[in-house]
Amino acid sequence: MKTVMRVFVLNLLVILGSSAFSQNIKAYLFYNSFYTPENGPFLETYLSVAAQSIRFVANENGKYQGTVDITMMFKQNDQVIDFKKYDLYSPEIEDTTQSQFNFIDQQRFVLPNGTYDFELLIADKNKEMLPIVMSRPLIIHYPPDTVNISGIELVESFAPSTSLNVLAKSGYDLVPYVSNFYPETVDRLIFYSEVYNTEKVLGAGDKFLVTYYIESFETENPVAEFVRIKREDTRSVNVLFNEFDISRLPTGNYNLVIEIRNKQNELMTSNQLFFQRSNPSMQLDVRDFANLDLENTFVTRITNRDTLAEFIKTLYPISTQLEKTFAQTNIKTGDLATLQRYFLSFWLTRDPYQPENEWIKYKEEVDKANASFRTRTKKGYETDRGRVYLQYGPPNAISESYYEPNAYPYEIWHYYQLKNQRNKKFVFFSREISTNDFELIHSDAVGELANYQWQFVIHERGNAPHGLDQDQMEDHWGSKIDDYFDNPR
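### Here's the deal with the nonpolar core
Okay, step 1: Grouped together as the largest cluster of nonpolar side chains are 64 residues, with contacts concentrated most on Val 49, Val 68, Ile 70, Phe 191, Ile 214 and Ile 258.
Okay, step 2: Non-local contacts of Ile 70, meaning those with residues more than four positions away in its chain, are made with Leu 47, Lys 84, Lys 85, Tyr 86, Leu 88, Leu 120, Leu 121 and Ile 122.
Okay, step 3: With 40 residues, the next largest nonpolar core counts Phe 298, Phe 311, Leu 315 and Tyr 381 among its residues.

### A word on the pairing of strand S24 (residues 421–429)
Okay, step 1: Among the nine residues of S24, seven are classified as buried, and the element is accordingly described as predominantly covered.
Okay, step 2: As judged from the eight bridges shared by strand S23 (residues 410–418) and S24, these two strands associate in the antiparallel manner. Among the inter-strand pairings, Gln 417 is bridged to a residue of S24, identified as Arg 422.
Okay, step 3: In this antiparallel pair of consecutive strands, S23 and S24, the connection spans two residues, and Lys 419 shows a positive phi of 55°.
Okay, step 4: The pairing of S24 with strand S25 (residues 439–443) spans four bridges and is classified as antiparallel. Along S25, the bridge assignment pairs Phe 429 with Glu 439.

### So, the side chain of Glu 404
Okay, step 1: Of note, Glu 404 is situated in the loop between strand S22 (397–401) and S23.
Okay, step 2: Of the polar contacts made by the side chain of Glu 404, one reaches the side chain of Ser 401; its length is 2.9 Å.

### A look at the packing of aromatic side chains
Okay, step 1: Enumeration according to the criterion identifies 40 aromatic pairs in this entry.
Okay, step 2: Summarising the aromatic geometry, the rings of Phe 343 and Trp 359 are spaced 5.0 Å apart at their centres and angled 80° between planes, so their arrangement reads as edge-to-face. Separated by 16 residues along the polypeptide, Phe 343 in helix H4 (residues 336–350) and Trp 359 in helix H5 (residues 355–373) bring together distant segments of the chain.
Okay, step 3: One aromatic cluster in this structure is built from Phe 289, Phe 298, Phe 311, Phe 326, Tyr 342, Phe 343, Phe 346, Trp 347, Trp 359 and Tyr 362.
Okay, step 4: The ring centre of Phe 34 lies 4.9 Å from the NZ or CZ of Lys 169, which sits over that ring.
Okay, step 5: Here Arg 350 stacks its cationic end above the ring of Phe 346, 3.6 Å away from the centre of that ring.

### Some points on the sheet that holds S23
Okay, step 1: An order of S22-S23-S24-S25 is seen for the four strands of this open sheet, with the pairing classed as antiparallel. Looking along the sheet, the strands with just one partner apiece sit at the ends: S22 and S25. Averaged over neighbouring strand pairs, the angle between their axes works out to 20° when direction is ignored.
Okay, step 2: Here five bridges tie S22 to S23, and the two strands are oriented antiparallel to one another. Within the sheet, the bridge partner assigned to Ala 397 lies in S23 and is His 414.
Okay, step 3: Across the sheet, helix H6 (residues 384–392) is in contact with S23, S24 and S25; its angle to S23 comes to roughly 10°.

### Observations concerning the packing of helix H3 (residues 321–333) against H4
Okay, step 1: In contact at an axis separation of 11 Å, H3 and H4 are set at 160° when each is read in the N-to-C sense. Relative to H4, the element H3 is oriented roughly antiparallel. In this structure, the crossing between H3 and H4 has a hand that is left-handed. Seen from H3, the contacting residues are Glu 323, Phe 326, Ala 327, Asn 330 and Ile 331; seen from H4, they are Thr 338, Leu 339, Tyr 342, Phe 346 and Arg 350.
Okay, step 2: The residue inventory of the contact of H3 with H4, partitioned by class, reads six nonpolar, two polar and two charged.

### Notes on the sheet that holds strand S6 (residues 67–76)
Okay, step 1: A sheet is described by the order of its strands in space; here four strands give the open sequence S7-S6-S9-S10, paired in antiparallel fashion. Looking along the sheet, the strands with just one partner apiece sit at the ends: strand S7 (79–89) and strand S10 (132–140). Between one strand axis and the next, the sheet turns by 15° as a mean value, whatever way the strands run.
Okay, step 2: In this structure, S6 lies alongside S7, joined through 10 bridges in antiparallel fashion. Bridge pairing in S7 places Thr 71 opposite Lys 85.

### Remarks on the pattern of salt bridges
Okay, step 1: By the definition in use, this model includes 22 salt bridges.
Okay, step 2: The shortest N-O distance in the salt bridge between Glu 44 and Arg 108 comes to 2.6 Å. Within this pair, whereas Glu 44 is found in strand S3 (residues 40–50), its partner Arg 108 is found in strand S8 (residues 102–110), the two being separated by 64 residues in sequence.
Okay, step 3: With a relative accessible area of 0%, Glu 44 lands in the buried category.
Okay, step 4: Among the ionic pairs, Glu 323 bridges to Arg 350, the shortest N-O distance being 2.8 Å. Taken together, the residues span a long stretch of sequence, with Glu 323 in helix H3 and Arg 350 in helix H4 at a distance of 27 residues.
Okay, step 5: Look at the salt bridges and you will find they share partners, linking Glu 44, Arg 108, Glu 153 and Lys 169 into a network.

### Examining the environment of Ala 58
Okay, step 1: Tracing the backbone through its elements, the reader meets Ala 58 in strand S4 (residues 57–58).
Okay, step 2: Sequence separation between Ala 58 and Ile 93 is 35 residues, and the spatial gap between their C-alpha atoms is 9.5 Å.
Okay, step 3: Aside from chain neighbours lying at most four places away, what touches Ala 58 is Lys 63 and Tyr 64.

### A word on the environment of Thr 45
Okay, step 1: Here Thr 45 shows up in strand S3.
Okay, step 2: Spatially, the C-alpha atom of Thr 45 lies 8.8 Å from that of Ser 33, the residues being 12 residues apart in sequence.
Okay, step 3: When near neighbours in sequence (up to four residues on either side) are disregarded, Thr 45 contacts Leu 29, Phe 30, Tyr 31, Met 72, Asp 105, Gln 106, Gln 107, Phe 109 and Phe 118.

Cut-off values and rules
Residues numbered from 1 in each chain as written. Predicted model: local features only at pLDDT ≥ 70, side-chain atom pairs only at ≥ 80, totals over all residues. Heavy atoms only, no water. Core = buried A, V, L, I, M, F, W, Y, C linked by side-chain atoms within 4.5 Å. Buried < 20%, exposed > 50% of the residue type's maximum accessible area, 1.4 Å probe, protein only. Contact = heavy atoms within 4.5 Å. Helix = DSSP H or I, 4+ residues; strand = E, 2+ residues; numbered from the N terminus. Pairing = 2+ DSSP bridges. Polar contact = N/O pair within 3.5 Å; in protein donor to acceptor, adjacent residues only side chain to side chain. Phe/Tyr/Trp six-rings, centres within 6.5 Å; stacked < 30°, edge-to-face > 60°. Lys NZ or Arg CZ within 6 Å of the ring centre and 35° of its normal. Axes fitted to C-alpha atoms, helices over the stretch in contact; angles between N-to-C directions. Parallel < 35°, antiparallel > 145°, perpendicular 65-115°, else oblique. Left-handed = near helix turned anticlockwise from the far one by under 90°. Nonpolar A, V, L, I, M, F, W, Y, C, P; charged D, E, K, R; others polar. Salt bridge = Lys/Arg side-chain N within 4 Å of Asp/Glu carboxyl O.

Encoded structure:
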């Protein structure tokens, strides 16, 4: 059977101007692509603005209102394909102490299949400031003769549509959830997606399977309580509008996954969306491992509690948040048998047949990380480079630059394939190379720290601090930073 790779159809969250001490706009941008048989592909943007981050002024109604100036532009080879420039008005409020809310803007752009540069300029019209500028590449790709899945739209609330409007899809007005973080106060994850061309590929009147589930981001194992399977009839467009009760989903990093399979259970295509959950009330408990039989297992050979505690600490880079929280607590208080059961359970989760082999292979990588990345105060696995190495494996290429004028020492790691992502990079820098402690400052990988002004930070050595509204980096003599990031070697 032909191997089908899980892909991320366009679906991205970008945080703009989010510094806690910034006077700039705090905004969140999400965007998804969809397809209609009549008009082809289109892009939806969802922009959420924190009202407390903008200035409200009195209007003609005797109330207070904020105004955000927005420009969205899509380019190919410096040619503008589509754009919108408009003012986004906040809701009116009685006084400026009532601004603890977010307001949302949604737009649609008809864009043919292709690669684009998406530019966003956003500014507070009631403040003297330069706009915040964001530029990101995006790809829209809906082949006409294969089964495709749209982006996955997270939904905050919905109601039956009563008129044609930008929120309407499949008979409902969908208010987007413009975040990939679900706090403890939110107990439903609602999502909307579409499947295209099943009728054309599989034939009219045929059936196919839709599986949607939540998986651990770290292990890629489905969470058993959150797996759903349904049978669908083929159509030109099949709508997936579903929800999960996540009240019992523990704190952690997850993927929401949609898979399409034919009647022979062969995977045809899939898509996934990263999200984070905070749910402190759900914790691992010692009783979860109480019945685990240790007899004749490799962990019984680890009889020194301090040694075992250290082994468990080395697992942090590949642990889920739930596992990490349990381990951090029980390393301090748990007895040897409890730690042995946890350690065995951890590796049984990764390989139920040969857990010891998985631990031996991982321990070899820990030893390499400790040899390469240790500092005066940290073991290698505790550093940012060590964590990335252990979580994702060795990069395909590393660009090192330790002595550029006006720049702190930095490294750029390039992964050709990173789990289900392609062409991802990690940027590390050090304020003092002699310490060997390089801090992760930016990555474009899902679930990692993203700071799209990382170049300014690296070039702060000997320069004045940058403004948060800057996006374009001025040229520095002797700098290879752009070349190393765009063309790692």
